[in-house]
Amino acid sequence: MSRVLEELKSAGISFSTDYEDLIAHCKDFNPLHQLKLLKKLTPALPEVVVFPKNVEEVSKVLKIANSLRTPVYVFGGASGVIDSATPYEGGIALSTLGLDWIEIEEENRIVTCGSGVVGGRLEKILNHRGFSLRHIPQSLYCSTVGGWVATASSGQFSTGYGNIEDLIVSLKAVMPNGEILEERKTPRRAGVDLKRLFVGSEGLFGVIAEVTMMIFELPKESFKLSFEYESIESALEDAKRFLSLKPALMRVFDDEETLRYFDSEAFSLIAIFEGNGAVESGKIARS
Ligand SMILES: Cc1cc2nc3c(=O)[nH]c(=O)nc-3n(C[C@H](O)[C@H](O)[C@H](O)COP(=O)(O)OP(=O)(O)OC[C@H]3O[C@@H](n4cnc5c(N)ncnc54)[C@H](O)[C@@H]3O)c2cc1C
């Protein structure tokens, strides 16, 4: 590891071996890890945490790691729940949080940002300009754009707008040997689709460094509905019927979740219709 630290230093990469930083990068949000931490046990520890600030620095880190055969674990918001980035082999934890640039192209309805941008920050900035990602996972405020791609994330508005794979336009990624690959910012193109390869890759194929995503104008019209049912079957029956009306959001809750969220002993369904014709669709659903 001392060679790795020397090379990181001479490459001008910001890094830390402080215990607090190692602890902060020892696990994701998997509940079993939380139990361990309560007992003051760490599931694993990296030997160093690196904080690259741009794509070139990510490339330098991966080149160093590759030449010295050192494992690299990629960390965004660490809100993942499947234990995929736990540094069981020690090595380098690479935090993407320094990759935090945001460039909005209103006319083209796209935003390009560093993969470490936290979703909640991005959504707020877009909202101030009258736009939205319409990718709203429950972990919006503790997950990153790169993490969304790497975990094939789904959001609350995915019923209407699609999952993350439907919303990304292009990627810039750094391969394990440090090579930088960049796609053109066009929705479709001939040849291998890099972004499809990286969706759900969980850090296996390299580091997603930059992501370009579609953005949507905040809807001027919306219609919100909620229903209670005596059985899950009747809730699902309505859900099937509503799908043809193309809701932006639709969720069915079982009795336990309904009690937790709405303090009611029933099964429930909520739906939001957005955009032109939202009120009309909502009224049909309600009838
Ligand atoms: C309370 C809570 C609510 C949640 N709600 C949802 C939800 O509604 N929808 C949903 O889909 N998920 C949800 N999740 C799961 C989690 O938030 C998502 O999987 C999220 O996309 C992870 O993003 P992250 O930035 O935290 O990634 P991390 O947890 O840091 O990383 C997750 C995986 O992606 C890899 N990775 C991260 N960034 C990069 C990168 N730039 N390049 C390459 N690999 C990378 C990591 O190595 C790891 O394998 C929830 C989690 C919690 C704790």
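None of these values were measured; they are calculated from a predicted model. (Residues numbered from 1 in each chain as written. Predicted model: local features only at pLDDT ≥ 70, side-chain atom pairs only at ≥ 80, totals over all residues. Heavy atoms only, no water.)

Q: Can you break down the site of the ligand residue by residue, with the values?
A: The environment of the ligand is formed by 30 residues, the closest being Ser79, Gly80, Ser84, Ser139 and Thr144. A distance of 2.7 Å separates an oxygen atom of the ligand from a polar backbone atom of Val74. Here an oxygen atom of the ligand sits 2.7 Å away from a polar atom, N or O, in the main chain of Gly80. In the complex, the protein chains occlude 85% of the 960 Å² of accessible area that the ligand would expose alone. If you list the elements that add at least two residues to the shell around the ligand, you get strand S3 (72-75), helix H6 (145-150) and strand S10 (207-214). Sorting elements by how many residues they give to the shell around the ligand places H6 first, with four residues. (Near = heavy atom within 4 Å. Polar contact = N/O pair within 3.5 Å; in protein donor to acceptor, adjacent residues only side chain to side chain. Areas by Shrake-Rupley, 256 points an atom, 1.4 Å probe, with all protein chains shown as cover. Helix = DSSP H or I, 4+ residues; strand = E, 2+ residues; numbered from the N terminus.)

Q: Mind laying out the sheet that holds strand S14 (residues 267-274), listing which residues take part and the relevant values?
A: A sheet is described by the order of its strands in space; here three strands give the open sequence S12-S14-S13, paired in antiparallel fashion. Two strands in the sheet have a free side with no partner beyond their single neighbour: strand S12 (222-229) and strand S13 (249-253). On average, each strand axis in the sheet is inclined to that of its neighbour by 5°, with strand direction left out of account. Sheet analysis places S13 next to S14, joined by five bridges and oriented antiparallel. Across the sheet, the residue bridging to Phe253 is Ser268, located in S14. Along the sheet, helix H10 (residues 232-243) contacts S12, S13 and S14; its crossing angle with S13, the most-contacted strand, is approximately 170°. (Pairing = 2+ DSSP bridges. Axes fitted to C-alpha atoms, helices over the stretch in contact; angles between N-to-C directions. Contact = heavy atoms within 4.5 Å.)

Q: Tell me about the domain arrangement of the chain, and name the residues and values.
A: A common way to express how large an interface is: the accessible area buried when the components associate. Domain assignment breaks the chain into domain 1 (2-95), domain 2 (102-217) and domain 3 (222-286). Spacing between the C-alpha centres of domain 1 and domain 2 amounts to 22 Å. The partner domain 2 presents 15 residues to the 13 residues of domain 1 that form the contact. Between domain 1 and domain 2, a total of about 1100 Å² is buried, with carbon and sulfur atoms accounting for 70% of that surface. The largest share of the area that domain 1 buries against domain 2 comes from Val55, Leu62 and Ser79, three residues that together contribute 38% of it. (Domains from an automatic or database assignment. Buried area = accessible area lost by both parts, 1.4 Å probe.)

Q: Help me get a handle on a nonpolar patch on the surface, residues and values and all.
A: Together, Phe29, Val81 and Ile82 give the surface a local cluster of nonpolar side chains, amounting to about 310 Å² of exposed area. With respect to the helices and strands, Ile82 occurs in the loop between S3 and strand S4 (92-95). (Patch = residues over 30% accessible without salt bridge, like charges linked within 9 Å, V, L, I, M, F, W, Y side chains within 5 Å. Salt bridge = Lys/Arg side-chain N within 4 Å of Asp/Glu carboxyl O.)

Q: Outline the pattern of salt bridges, supporting the account with residue identities and numerical values.
A: In total, this model carries eleven salt bridges according to the counting rule given. Across the pair Arg129 and Glu106 runs a salt bridge whose closest N-O atoms are separated by 3.0 Å. Of this pair, Arg129 sits in the loop between helix H5 (119-128) and strand S7 (131-132) while Glu106 sits in the loop between strand S5 (102-105) and strand S6 (110-114), and the two are 23 residues apart along the sequence. Given the relative accessible area of 43%, Arg129 is considered partly exposed. (Buried < 20%, exposed > 50% of the residue type's maximum accessible area, 1.4 Å probe, protein only.)

Q: Hey, could you go over the sheet that holds strand S9 (residues 180-182) for me, with residue numbers and the actual values?
A: An order of S5-S6-S10-S8-S9 is seen for the five strands of this open sheet, with the pairing classed as antiparallel. With partners counted over all chains shown, the strands left at the sheet margins are S5 and S9, one partner each. For this sheet, the mean angle separating the axes of adjacent strands, direction not counted, is 15°. The sheet contact formed by S5 and S6 spans four bridges and is antiparallel. Paired with Glu103 across the bridge in S6 is Thr112.

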